[in-house]
Amino acid sequence: MPENQLPRGLFDLRYAAFLETVRGHRAILHRYCARMCGSVLDGEDVMQDVLLEAYRKLDLLKEPRAMKAWLFRIAHNRCLDHIRTKRSWNFVELDEANAPAFLPPEIPAFGTTNAIDRLVRTLPPMERACVLLKDVLDLSLEEAAGVVGNSVGGVKSALHRGRARLAAQSEVSARPASDDPALVALLERYVALFNQRNWAGVVELTSADAHLHVADCYDGEIGNAPYFSEFQKSKTPWHLDLARFDGELLMMVSNWVEDSWRPTYPVRIQIGVDGGLSISDYYACPWLMEGLVE
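On a predicted model such as this, the values are computed, not experimentally measured, just so you know.

### Digging into the packing of helix 2 (residues 23-37) against helix 3 (residues 40-56)
Part 1 of the reasoning: Viewed as axis vectors pointing N to C, helix 2 and helix 3 meet at an angle of 125 degrees, and their least axial separation amounts to 7 Å. As the angle between them shows, helix 2 and helix 3 are arranged oblique. Read as a crossing pair, helix 2 and helix 3 show a hand that is right-handed. In this structure, helix 2 uses R26, L29, H30, C33, A34 and C37 to contact helix 3, whose residues at the interface are V40, D42, G43, E44, V46, M47, Q48 and L51.
Part 2 of the reasoning: Considering only residue class, the contact of helix 2 with helix 3 consists of 8 nonpolar, 3 polar and 3 charged.

Below you can see the structure in the form of structure tokens.
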């Protein structure tokens, strides 16, 4: 499928039908991507790219029953791309490790409770992939070998090394979050305007050409999106708050359910190197909240 036929703006019915076809695979795919990438939200972003690539190359899949294995192979390669890109940021992250956080500690924080989820992030990519595929996702050695493009013997060796590294490690403590003051100020203002239902103010704050991605629904400029009308039409009361999600400062949408506010899904804003804004709304990804506790 040509690039110019990929979903842009509001996703079309063909792509929606494809997403419905792969719905049963998405939660486990996300588990893999999140643990490979070391971030729940980065894992979801990578998975969105995986789904677009699979949709674009769908005519190459000759056997529909092989869909799961095919998606995992695409996901594995996309995760490796993400890890390679992320390595170039690590030096900056280390320099900022002792920078002060600018938000008070009462900001709600949601994080994983599974020790292996934290420890596995320290493994080299091949060992990480094999441990996840075999020990966490319970794939067979043959299936794991197909995903990582190696022999069964190679997978066994990587498993042995990975398990030995994990056994030798103590619990990894999370590094204190470091917040960019400009991002903090932007999020605080965004939350205030959103809760006031001041949509014109939100567009003015972020700029009309800010990139908006709403999972399974929209990819384009925020000024052209039917985004705010969906919040207006909601029959369930909602509000936005600042929160930490898997160690990252972002915004959390909460819904009023059974006489209390229930955190439902995150919304992420990132500032690009050119100063442009990217807004990601994860309302269609309920698996993101699984395994996370406040």
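### Quick word on the pattern of salt bridges
Side-chain pairing between opposite charges can occur once the charged atoms of the two side chains come close.
Part 1 of the reasoning: One pass over the full model with this rule turns up 16 salt bridges.
Part 2 of the reasoning: For the salt bridge of R84 with D81, the shortest nitrogen-to-oxygen distance reads 2.7 Å. Remark: D81 and R84 occur in helix 4 (residues 67-87); sequence separation between them is 3 residues, near one turn of the helix.
Part 3 of the reasoning: Given the relative accessible area of 37%, D81 is considered partly exposed.

### What to know about the pairing of strand 4 (residues 218-221)
Part 1 of the reasoning: Note: strand 1 (residues 9-10) against strand 4, 2 bridges, orientation antiparallel. The residue of strand 4 that forms the bridge with L10 is Y218.
Part 2 of the reasoning: Pairing between strand 3 (residues 211-214) and strand 4: 4 bridges, direction antiparallel. In the strand pairing of strand 4, V214 is matched with Y218.
Part 3 of the reasoning: The hairpin formed by strand 3 and strand 4 contains 3 residues between the paired strands, and D216 there has a positive phi angle of roughly 70 degrees.

### Points about the side chain of E53
Part 1 of the reasoning: Tracing the backbone through its elements, the reader meets E53 in helix 3.
Part 2 of the reasoning: For E53, a relative accessible area of 15% puts it in the buried group.
Part 3 of the reasoning: Those residues within four positions of E53 in sequence are excluded, and the remaining contacts are I74 and R78.

### Let's talk about the nonpolar core
Part 1 of the reasoning: Counting residues in each nonpolar core, the largest one holds 59 residues, and the members touching the most others are Y15, F18, Y32, M36, L133, F245 and L288.
Part 2 of the reasoning: Setting aside anything within four residues of it in sequence, one finds Y32 in contact with F72, H76, A129, L132, L133, L137 and V147.
Part 3 of the reasoning: In terms of nonpolar packing, the next biggest core, distinct from the first, is built from 31 residues, I107, Y190, V191 and L240 among them.

### Quick word on the packing of aromatic side chains
Part 1 of the reasoning: Tallying each qualifying case throughout the model produces 19 aromatic pairs.
Part 2 of the reasoning: Consider the rings of F194 and W199, whose centres lie 4.9 Å apart with planes at 75 degrees: the pair is edge-to-face.
Part 3 of the reasoning: Overall, the relative accessible area of 1% leaves F194 in the buried class.
Part 4 of the reasoning: Taken together through their ring pairs, the aromatic side chains of Y190, F194, W199, Y227, F228, F231 and W238 make up a single cluster.

### Brief notes about the side chain of R268
Part 1 of the reasoning: With respect to the secondary-structure elements, R268 resides in strand 7 (residues 260-271).
Part 2 of the reasoning: A polar side-chain atom of R268 sits 2.8 Å from a polar atom in the side chain of D45.
Part 3 of the reasoning: Among residues more than four places away in sequence, those in contact with R268 are S39, L41, D42, D45, E248, L250, S278, I279, S280 and Y282.

### Remarks on unusual backbone geometry
Part 1 of the reasoning: Positive phi is not limited to glycine here, since S207 has a value of about 80 degrees.
Part 2 of the reasoning: With respect to the helices, strands and loops of the structure, S207 is situated in the loop between helix 11 (199-206) and strand 3.
Part 3 of the reasoning: The backbone of D246 shows a phi angle near 55 degrees, a positive value even though the residue is not glycine.
Part 4 of the reasoning: The topology assignment puts D246 in the loop between strand 5 (238-245) and strand 6 (248-257).
Part 5 of the reasoning: In this structure D246 comes out as buried when scored by relative accessible area, which is 17%.

### A short note on helix 8 (residues 141-148)
Part 1 of the reasoning: Turning to helix 8, its buried residues number three or more, namely A144, A145, V147 and V148. Within helix 8, the buried residues cover an arc of 160 degrees as seen down the axis, which keeps them to one side.
Part 2 of the reasoning: Where helix 8 terminates, the next one or two residues include G149, which has phi positive at roughly 70 degrees.

### Digging into the environment of G220
Part 1 of the reasoning: Following the sequence through the fold, G220 ends up in strand 4.
Part 2 of the reasoning: On the basis of relative accessible area, G220 is assigned to the buried category, the value being 17%.
Part 3 of the reasoning: Spatially, the C-alpha atoms of G220 and G9 are 5.0 Å apart, while their sequence positions differ by 211 residues.
Part 4 of the reasoning: Apart from the residues lying within four places of it in its own chain, the contact partners of G220 are A210, H211 and L212.

### Remarks on the packing of helix 1 (residues 13-21) against helix 3
Packed helices, taken two at a time, are described by their axes: the angle between them and the distance between them.
Part 1 of the reasoning: Viewed as axis vectors pointing N to C, helix 1 and helix 3 meet at an angle of 110 degrees, and their least axial separation amounts to 11 Å. What the angle tells us is that helix 1 and helix 3 run roughly perpendicular. Two packed elements cross with a definite hand, and for helix 1 against helix 3 that hand is right-handed. On the side of helix 1, the interface is formed by R14, Y15, F18 and L19, while helix 3 contributes Q48, L51, L52, A54 and Y55.
Part 2 of the reasoning: Here the contact of helix 1 with helix 3 is built from residues that sort into 7 nonpolar, 1 polar and 1 charged.

Cut-off values and rules
Residues numbered from 1 in each chain as written. Predicted model: local features only at pLDDT ≥ 70, side-chain atom pairs only at ≥ 80, totals over all residues. Heavy atoms only, no water. Axes fitted to C-alpha atoms, helices over the stretch in contact; angles between N-to-C directions. Helix = DSSP H or I, 4+ residues; strand = E, 2+ residues; numbered from the N terminus. Parallel < 35°, antiparallel > 145°, perpendicular 65-115°, else oblique. Left-handed = near helix turned anticlockwise from the far one by under 90°. Contact = heavy atoms within 4.5 Å. Nonpolar A, V, L, I, M, F, W, Y, C, P; charged D, E, K, R; others polar. Salt bridge = Lys/Arg side-chain N within 4 Å of Asp/Glu carboxyl O. Buried < 20%, exposed > 50% of the residue type's maximum accessible area, 1.4 Å probe, protein only. Pairing = 2+ DSSP bridges. Core = buried A, V, L, I, M, F, W, Y, C linked by side-chain atoms within 4.5 Å. Phe/Tyr/Trp six-rings, centres within 6.5 Å; stacked < 30°, edge-to-face > 60°. Polar contact = N/O pair within 3.5 Å; in protein donor to acceptor, adjacent residues only side chain to side chain. Arc of directions from axis to C-beta.

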